[in-house]
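# Notes for the structure review
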Amino acid sequence: MKRLTLLAIILAICCNTFAQTNLVPFTPPTEHPRLLIRRNEIPALRERLKRPEAQAILQRMKNLTKPMTDDERKRYDWNTTSPYLKMRGVTTEAQLDALDYLVNGNAEAGRKAATCMLDTLKRTYFGRQNDLSRPCGVMVFLGGLVYDWCYDLLSDTQKKEYIEEIKRCSNLLECGYPIKNVNPVNGHSCEYMILKDMLGASIAIYDEYPDMFLSIRKLLVDEFIPIRNYFYKGGMHHQGANYVSGRFVSDLFCQLILEKAGAGRIFDDSMQYLLYEHIYRRRDDGLVLKSGDCYNTPLPGELQTDPNSMMLASSMYKDPYLAYEFQLNPKVSDQYLIFDLLFRDFDLQGKTPDDLPLVKYFDTPYGSMIARTGWGQDAAIAEMRMIEQYTGNHQHHEAGSFYLFYKGPLAIDSGFYQGLGGHYGDAHNYCYHKRTIAHNALLVYDPDEVFDENGQQEKAGKELYRNDGGQRFPKYGRSPKNYKMLLSDEYTYGKTLSHWSNDDFAFVKCDITKAYNPAKVNDVKRSMVFVNLHDSKQPAAMVVYDHVVSTNKDFRKYFLLHTSDEPQIQGNVSTILAPGTRGGMLTCTTLLPEKAEVASVGGPGKEFWVFGKNYPMVNKKTEVIGDEEGRWRIEVCPSKSSEEDCFLNVLQISNSDVHPEHVRHVSSAGVEGVAFNGKAVLFCQHGGFHTDNFSFKLPTGNAYKILVTDLKAGKWQVTFPNGKKAEKEVGESENQIMMEGPAGKYTMRRL
């Protein structure tokens, strides 16, 4: 059955791929220009350039034509890409001169652009090492742009020289040319080098040299399009909150370049909504919820935005919500100003997200949910992360984790990706930050588990992997190379079993057994319910229920809760204050396991502790960077060894001067749940689904809003404490009944 399901998925994807018939036979038009603009659009561009918005962009570009001063040169690290991407001097000057010829027919400016850009291409060499190859791609694209826009002015000799230099500079990129080093799932080949730089140049030189375009077209049809469409329909970016900027923006460039050349839109229309993830992540302090490898984010009070992607996507789709995000910071990067000039929709008005639903579900391959109590100041936000397919690279091993924010980060992602001497692949990144132990997730610690089965750390001569009791490394940490591999069991981490939301509850349940080594677990399921309390002083809560079965009763299990500052623990109640002075607080009440061991880990020398060893940032110069570093965590463990354990934790979000509601445990045959603050949440006791009759009793108190989860789809009859009966239809994938009623006994009968 599993094989048939996988086959059906693959066939559906293949059908979707072949449906992209507009690109399969497409070749660039015979006329020039055809890169970013067509001849019939030039009169409209001429008028557009008179607008004050366009004049402001042109002025920015003119300012960039000035050579760097000695003081400016001293400020740059010339071993990084940043100096080359500032577009100072000839690179911007050539664009403006080519534009002058295109719009005004200034042949002198066009010949100058053609000569200067060709000379620059001939002197282009930034090295082949990783990021240093990226500026070569910028030159490849600009070479193609000038070639296309000034085509009528080029001699046959110049055309041949341009093509040879474009090919040479393309070969300096990580993917090489002819293209050979490509991973269409993630990595640098998913960024500008193919999807913008080489693609743009290949369209420009197609008549004289078609091979480059044809090879890229094949890659798009066979690899990039089906994988992108799969991700887009999930509505989230698989590489996290930061890398959406460098990678999704390249997809937008790709679609825009091909659409302007006449190929139409090559990606699924769900592409429009991927950046809504960013809207839902927006915190009221100007930052966004962390996810995946994140650079050192701005300090609270600064704005964390992605103007390049937001400008392109909002203009392409005429989307006012994305336009609003762009208008928060409308400064497009220097290397993309030509796109800003040509394509920004100057008339599109931004619209605040106030009328968007407060809960968004992100479908396969994520199965995650972001829930909010509002869009304004002091909104509480929860992310419930369920990973169905693991993609590697900048994604973390965090299936089933969560993140909570209210007046500051409360339940956080711990560690740093880069900065302060750290880097991708260092010990902090691989042994802590990327690992399950750095997240609000579950550990099952087998002391003999080995994460370095392929001997990678021995080859590297350093420790790259450590047993943190967390989730496994598919293929020793390597990313999937293609779509078939991505969908394989090796890269399958879980499956979302249920999801549903209304104004009061947001619920998601996932089976994440496959995320862990099968030698240590037989079953791992996590259910999370976000409860909107509609109270300005105590706005929300989250109920987390876990069912874990290990293969050995002595494998210790951990529920983790990461914090910025030291938590206060009294018995089964842990209190966490948000950093800063705004007064946010999180109160965690542990109801299961009974007599649980609740302890804090952290502080000096143990900030990034992994079972006996700390992994601090390398060459750390300062004590704190923002609020996202994390130096403490709470560990909840069973006090007795057992193969099967359940965790039940209630996390109440409130102001620090509010005494949280008393949480009462609701337990009966086959049922585990909680009652607090006029809400009740019930789960199936052993992580499965109710298929037979059962009952539960709610404690004395006011009327409750009740969410009963884990119900098999079909008709159910509810008998209320007063004897009244009601029939409810339970839908597939929702698996819940939400109702209101008093304290007392409830009976659930499947019809």
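Because the structure is predicted, anything quoted here is derived from the model rather than measured. (Residues numbered from 1 in each chain as written. Predicted model: local features only at pLDDT ≥ 70, side-chain atom pairs only at ≥ 80, totals over all residues. Heavy atoms only, no water.)

## As for the pattern of salt bridges
We apply this condition: Take a side-chain nitrogen of Lys or Arg and a carboxyl oxygen of Asp or Glu: if they are within 4 Å of each other, that pair is a salt bridge. Secondary structure is summarised from DSSP: a helix means a run of H or I of at least four residues, a strand means a run of E of at least two, and numbering begins at the N terminus for each. Burial classes follow relative accessibility: with a 1.4 Å probe on protein chains only, a residue under 20% of its type's maximum area counts as buried, one over 50% as exposed, and anything between as partly exposed.
In this structure the tally under the stated criterion is 46 salt bridges. Measuring nitrogen to oxygen at the nearest pair gives 2.7 Å for the salt bridge that ties Arg60 to Asp334. In this pair, Arg60 sits in helix α3 (residues 52–64) while Asp334 sits in the loop between α14 (320–328) and α15 (337–343), placing the two residues 274 residues apart along the sequence. You can call Asp334 partly exposed: its relative accessible area is 21%. Linking Asp268 and Lys233 is a salt bridge whose minimum nitrogen-to-oxygen distance equals 3.9 Å. Here Asp268 is found in the loop between α11 (240–261) and α12 (276–281), whereas its partner Lys233 is found in helix α10 (residues 211–234), with 35 residues between them in sequence. In this structure Lys233 comes out as partly exposed when scored by relative accessible area, which is 49%. Three or more residues joined by partner-sharing salt bridges are found here, namely Glu277, Arg281, Glu383, Arg385, Glu398 and Asp413.

## Examining the sheet that holds strand β22 (residues 704–708)
Selection rule: If DSSP finds at least two bridges between two strands, the strands pair. Here, axes are lines fitted to C-alpha atoms. For helices the fit covers the stretch in contact, and angles between N-to-C directions go from 0 to 180 degrees.
Strands sit in the order β18-β19-β20-β22-β25 across an open sheet of five strands; the sheet is mixed. Here the strands that pair on one side only, and so sit at the sheet edges, are β18 (664–668) and β25 (737–741). Averaged over all adjacent pairs, the angle separating strand axes in this sheet is 20 degrees, with direction ignored. Two strands pair when backbone bridges link them, and strand β19 (residues 671–676) and strand β20 (residues 679–684) are joined in this way by six bridges, in the antiparallel orientation. Bridge pairing in β20 links Gly673 to Leu682.

## What to know about unusual backbone geometry
Of note, the amide linkage connecting Tyr177 to Pro178 takes the cis form, showing an omega dihedral of 0 degrees. Considering the arrangement of structural elements, one finds Pro178 in the loop between α8 (156–171) and α9 (192–204). Each neighbour pair has its own omega, and for Leu592 with Pro593 the value is 0 degrees, a cis peptide bond. For Pro593, the position within the fold is in the loop between β14 (584–592) and β15 (597–602). Phi at Asn735 takes a positive value of approximately 55 degrees, unusual for a residue other than glycine. By the secondary structure assignment, Asn735 is in the loop between β24 (725–730) and β25.

## Digging into the sheet that holds strand β11 (residues 556–563)
Overall, antiparallel pairing links the four strands, which are arranged β6-β11-β16-β15 in an open sheet. The open sheet terminates on both sides in strands that have one partner only, identified here as β6 (442–445) and β15. Going from strand to strand, the sheet's axes swing by 30 degrees on average, the running direction of each strand aside. Sheet topology note: the β15/strand β16 (residues 632–637) ladder contains six bridges and is antiparallel. Opposite Val601, over in β16, you have Arg633 as the bridge partner.

## Comments concerning the pairing of β11
Judged by how many residues are buried, β11 sits mostly within the fold: seven of eight residues are covered. As judged from the four bridges shared by β6 and β11, these two strands associate in the antiparallel manner. Within the sheet, the bridge partner assigned to Leu442 lies in β11 and is Phe559.

## Side note on the packing of helix α7 (residues 134–149) against α9
Relative orientation and spacing of two packed helices are given, respectively, by the angle between their axes and the distance between those axes. Just so we agree on the cut-off: Working rule for angles: under 35 degrees goes down as roughly parallel, over 145 as roughly antiparallel, 65 to 115 as roughly perpendicular, anything else as oblique. Left-handed is the label given to a crossing in which the near helix is rotated counterclockwise from the far helix by less than a right angle, and right-handed is the label when the rotation is clockwise. Whether two residues are in contact is decided by their heavy atoms, any of which lying within 4.5 Å being enough. Polar here means any residue outside two lists: the nonpolar Ala, Val, Leu, Ile, Met, Phe, Trp, Tyr, Cys and Pro, and the charged Asp, Glu, Lys and Arg; Gly therefore counts as polar.
Remark: α7 packs on α9, axes separated minimally by 8 Å, with the N-to-C direction vectors making an angle of 25 degrees. Of the possible angle classes, the one that applies to α7 and α9 is roughly parallel. When you trace α7 past α9, the crossing you get is left-handed. Seen from α7, the contacting residues are Gly137, Val138, Val140, Phe141, Gly144, Tyr147 and Asp148; seen from α9, they are Lys196, Asp197, Met198, Gly200, Ala201 and Ala204. For the contact of α7 with α9, the class distribution of residues is seven nonpolar, three polar and three charged.

## A short note on the packing of helix α6 (residues 107–122) against α8
Following both chains from N to C, one finds α6 and α8 inclined at 35 degrees, their axes separated by 9 Å at the closest point. Handedness of the crossing formed by α6 with α8: left-handed. Between α6 and α8, the residues in contact are Ala113, Ala114, Thr115, Met117, Leu118, Leu121 and Lys122 and Gln158, Glu161, Tyr162, Glu165, Ile166, Arg168 and Cys169, respectively. Of the residues in the contact of α6 with α8, the class split is eight nonpolar, two polar and four charged.

## Points about the state of the cysteines
Just so we agree on the cut-off: A pair of sulfur atoms, both from cysteines and within 2.5 Å, is called a disulfide here.
Under the definition given, this model contains zero disulfides. The thiol sulfur of Cys136 is not disulfide-bonded, and the nearest other cysteine sulfur, from Cys169, lies at 5.8 Å. Free cysteine: Cys431, not disulfide-bonded; nearest cysteine sulfur from Cys294 at 20 Å. With relative accessibility at 0%, the residue Cys431 sits in the buried group.

## Looking at the nonpolar core
Stated formally: The criterion is simple. A nonpolar core is a set of buried Ala, Val, Leu, Ile, Met, Phe, Trp, Tyr and Cys residues joined through side-chain atoms within 4.5 Å.
Judged by nonpolar contacts, the single largest core of 126 residues is most densely connected at Leu258 and Phe339. Residue contributions to this core peak at twelve residues, all from α10. Apart from the residues within four sequence positions on either side, Leu258 is in contact with Leu23, Phe26, Leu199, Ile203, Phe213, Leu220, Ala263, Gly264 and Ile266.

## As for the environment of Thr91
Among the secondary structure elements, Thr91 is positioned in helix α5 (residues 90–104). The exposure class assigned to Thr91 is buried, which follows from its relative accessible area of 5%. The spacing of Thr91 and Thr120 is 29 residues in sequence and 8.2 Å in space, taken between C-alpha atoms.

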